[in-house]
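Okay, here's what each chain looks like letter by letter:
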Amino acid sequence: MGETSSVENEFDDWFIESLKIYNNIHEYQLEHPTRVIEWTSEKTICVAGYSSDKNEILELLLPLKLFTDDNQGLCAERDFKVVHGGFSDGSIHCLKHIPGTRCVVTNDGFNSNLQVWDLGGEDCDVIKRTGVLQLKSASSDKGVKIAPGLTGDPCVLHGSQISDIQLTELTSGKPLYSLGKDIPDLLSSLQFVSGSVFLACACNGDLYVGDTRNPSGLQNNPAGGREGVHWCMGVKTDLSSSDPSSCSVARLSSACQVVVSDLRDLRAPLFQAQLHVQRKTTSDDFMKVTWAPALDNCLAVSGFDGMVRIYDTASWRPELMEFQPLFIHRGHMMSDDQFDTSSAVVTTHVWHPSRPRTVLSAAVDGSVHVWDWVDKATASC
């Protein structure tokens, strides 16, 4: 009885606190949990389930209340809205939107095939699979990572390990670039930093810089001394700049460390941090680190438990030290008026591309949250 009362009090405390720390917070419940949230416009996202059965693939319109300033009066639209939807026969572990199109590309996490989907339009609310790219991979049972091309005709960069990274044109399936080097390291993250330059992070923490104009010009930057842990990366790019070296790279380890570098010298960290996190899962599948695109020096970390943590890296140093988060989203641990710290795990999160403190996150219970957190510095003024 005393334990139940304590849990209820903890939930009540969080609910009261949430009224002060969020400008907005909204929830949507999926039939099956998702590990992908991809922007398709400023107000719409694409999500898809990863269960072994048939899964929904949905385009959701965010609650319009989120985009209404306080001085504009009341807004009735406080819920997510399904604008387009369809079904996948299998799980979806990776999903990327192709810029400038109504197309997304997916992979199921178990083979190297890529599925191409049409998100529909004003005259059709059905998301349809329009093609499959059957690709060869040395580690096809691990699935592939995908990075959409940023310029030219629709294309995707993809691979399951460093040696099979390839750029493929979507309409024809024609390979436009392949690495041609025998590097069997498994791939954890892949992203373009300019129209032709890309970054690849291996699961062992090594970073590779490649250029689709030069198949033999791959640069390897070993992590060094960080064996035995799993790594992923998040990249902050300035696409308005012609210099790819202006991007910042954050690597997150399964030992809850973050190492930040830039392309001028990926071997030497600009700064790093040990995160104070008590892991609630032994899986590394949901680890994620992302930079805020519209907020200086801020990054978000999730995948260890039921929280999303926001950090301000402005005070971080080259020496490894422990730093506290600027903000923590605990909403996914609230279920049926209970505080669940044991089973709740965040599966993914994304920042809004232009709203500085708006973040979306999802968890293993099928919940999807969009939340806009309060800047305490301005709130106290």
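Criteria and thresholds
Residues numbered from 1 in each chain as written. Predicted model: local features only at pLDDT ≥ 70, side-chain atom pairs only at ≥ 80, totals over all residues. Heavy atoms only, no water. Helix = DSSP H or I, 4+ residues; strand = E, 2+ residues; numbered from the N terminus. Buried < 20%, exposed > 50% of the residue type's maximum accessible area, 1.4 Å probe, protein only. Contact = heavy atoms within 4.5 Å. Areas by Shrake-Rupley, 256 points an atom, 1.4 Å probe, with all protein chains shown as cover. Patch = residues over 30% accessible without salt bridge, like charges linked within 9 Å, V, L, I, M, F, W, Y side chains within 5 Å. Salt bridge = Lys/Arg side-chain N within 4 Å of Asp/Glu carboxyl O. Lys, Arg positive; Asp, Glu negative; His and termini not counted. Charge placed at Lys NZ, Arg CZ, Asp CG, Glu CD. Core = buried A, V, L, I, M, F, W, Y, C linked by side-chain atoms within 4.5 Å. Polar contact = N/O pair within 3.5 Å; in protein donor to acceptor, adjacent residues only side chain to side chain. Pairing = 2+ DSSP bridges. Axes fitted to C-alpha atoms, helices over the stretch in contact; angles between N-to-C directions. Phe/Tyr/Trp six-rings, centres within 6.5 Å; stacked < 30°, edge-to-face > 60°. Lys NZ or Arg CZ within 6 Å of the ring centre and 35° of its normal. pLDDT = per-residue confidence, 0-100.

Asker: What is the right way to read the overall build of the protein chain from this model?
Answerer: Counting secondary structure elements, the protein chain contains two helices and 31 strands. Across the 381 residues in the protein chain, those meeting the buried criterion constitute 53%. Across the protein chain, the fraction of contacts at a sequence separation of at least 24, relative to all contacts at a separation of at least 6, is 51%. In the structure as shown, the protein chain presents an accessible area of about 17,600 Å², 47% of it carried by carbon and sulfur atoms.

Asker: In this structure, what is going on with a negative patch on the surface? I would like to understand it.
Answerer: Taken together, the side chains of Glu10, Asp12, Asp13 and Glu17 make up a negatively charged region of the molecular surface. Here aspartate 13 lies in helix α1 (residues 2-21).

Asker: Looking at this structure, how should I read the pattern of salt bridges?
Answerer: Opposite charge on two side chains permits them to pair, given that their charged atoms come into close proximity. Inspection of the entire model under this criterion finds six salt bridges. The salt bridge partner of glutamate 59 is arginine 102, with a shortest N-O separation of 2.7 Å. Note that glutamate 59 is positioned in strand β4 (residues 55-61) and arginine 102 in the loop between β6 (94-97) and β7 (103-107), a separation of 43 residues in sequence. Its relative accessible area of 32% is what places arginine 102 among the partly exposed residues. One salt bridge in this structure joins arginine 264 and aspartate 262, with 2.6 Å as the shortest N-O distance. You can call arginine 264 exposed: its relative accessible area is 66%.

Asker: Explain the nonpolar core here, please?
Answerer: Considering soluble globular proteins, one finds that nonpolar side chains tend to be buried as a cluster. If you look at the biggest cluster of nonpolar residues, it comprises 20 residues, and the most contacted ones within it are Tyr22, Ile310, Phe327, Trp351, Trp371 and Trp373. Contributions of two or more residues to this core are made by α1, β23 (298-302), β24 (308-312), β26 (327-329), β29 (346-351) and β31 (367-373). Val260, Val289, Leu299 and Phe304 belong to the second-largest nonpolar core, a separate cluster that totals 19 residues.

Asker: Is there a simple way to think about the side chain of serine 112 in this case?
Answerer: Here serine 112 lies in the loop between β7 and β8 (114-118). Judged by relative accessible area, serine 112 falls into the buried class, the value being 6%. Here leucine 135 takes part through its backbone oxygen, which lies 2.3 Å from a polar atom of the side chain of serine 112.

Asker: When you look at the sheet that holds β4 in this model, what are you seeing that I'm missing?
Answerer: Hydrogen bonds along the backbone pair up the strands of a sheet, which may run parallel or antiparallel. Within the open sheet, the four strands sit side by side as β2-β3-β4-β5. Their pairing is antiparallel. Strands at the two margins of the open sheet, each flanked by one partner only, are β2 (34-39) and β5 (81-88). The sheet shows a mean angle of 20 degrees between the axes of neighbouring strands, taken without regard to direction. Inspection of the sheet shows β2 paired to strand β3 (residues 44-49) by four bridges, in the antiparallel sense. When the bridges of β3 are listed, tryptophan 39 appears paired with isoleucine 45.

Asker: What am I meant to see in the pairing of strand β16 (residues 207-211) here?
Answerer: On any regular strand, side chains alternate: one points to one face of the sheet, the next to the other face. With five of its five residues buried, β16 lies for the most part within the structure. Here β16 shows a buried face lined by Leu207, Val209 and Asp211 and a second buried face lined by Tyr208 and Gly210. With five bridges joining them, strand β15 (residues 197-202) and β16 adopt antiparallel strand pairing. Residue phenylalanine 198 lies in a different strand from β16, and its bridge partner there is glycine 210. As consecutive antiparallel partners, β15 and β16 are separated by four residues, and within that stretch glycine 205 has a phi angle of approximately 100 degrees, a positive value.

Asker: Looking at this model, I keep getting lost on the packing of aromatic side chains. Mind explaining?
Answerer: According to the stated counting rule, one finds eleven aromatic pairs in the structure shown. Aromatic pair tyrosine 22 and phenylalanine 327: ring centres 5.5 Å apart, planes at 85 degrees, arrangement edge-to-face. Of the two residues, tyrosine 22 is situated in strand β1 (residues 22-29) and phenylalanine 327 in strand β26; the sequence distance between them amounts to 305 residues. Note on phenylalanine 327: relative accessible area 6%, which makes it buried. Ring centres 6.0 Å apart and planes at 55 degrees place the aromatic pair tyrosine 50 and phenylalanine 286 in the tilted group. Of this pair, tyrosine 50 sits in the loop between β3 and β4 while phenylalanine 286 sits in the loop between β21 (271-275) and β22 (288-291), placing them 236 residues apart in sequence. The class for phenylalanine 286 is buried, based on a relative accessible area of 13%. Just above the ring of phenylalanine 87 sits the side chain of lysine 54; from NZ or CZ to the centre is 5.4 Å.

Asker: Any chance you could explain a nonpolar patch on the surface here in plain terms?
Answerer: Among the surface-exposed residues, Phe15, Ile16 and Leu19 lie close enough to one another that they form a single nonpolar patch of about 320 Å² accessible area. Relative to the helices and strands, phenylalanine 15 resides in helix α1.

Asker: Explain the confidence of the model for the protein chain to me, please; I cannot follow it from the model alone.
Answerer: Detailed reading of the predicted model is not advised wherever pLDDT is low. When the pLDDT values of the protein chain are averaged, the result is 88; 87% of them are 70 or greater. Here residues 71-75 scores under 50 on pLDDT; set against residues more than four positions off or in separate chains, the count is five contacts.

Asker: How do you make sense of unusual backbone geometry when you look at a structure like this?
Answerer: The phi torsion of most residues other than glycine is negative, and most of the peptide bonds are trans. Of note in the backbone geometry, cysteine 256 takes a positive phi value of approximately 65 degrees without being a glycine. Note on placement: cysteine 256 falls in the loop between β19 (248-253) and β20 (257-262). Taking the relative accessible area as the measure of exposure, cysteine 256 reaches 5% and is therefore buried.

Asker: Please clarify how the pairing of β31 should be interpreted in this entry.
Answerer: The element β31 is extensively covered by neighbouring structure, given that seven of its seven residues are classed as buried. Burial along β31 is two-sided: the face carrying Ser367, His369, Trp371 and Trp373 and the face carrying Val368, Val370 and Asp372 are both buried. Taken together, the seven bridges between β1 and β31 define a ladder with antiparallel strand orientation. In the sheet register, glutamate 27 faces β31, and the bridge partner there is histidine 369.

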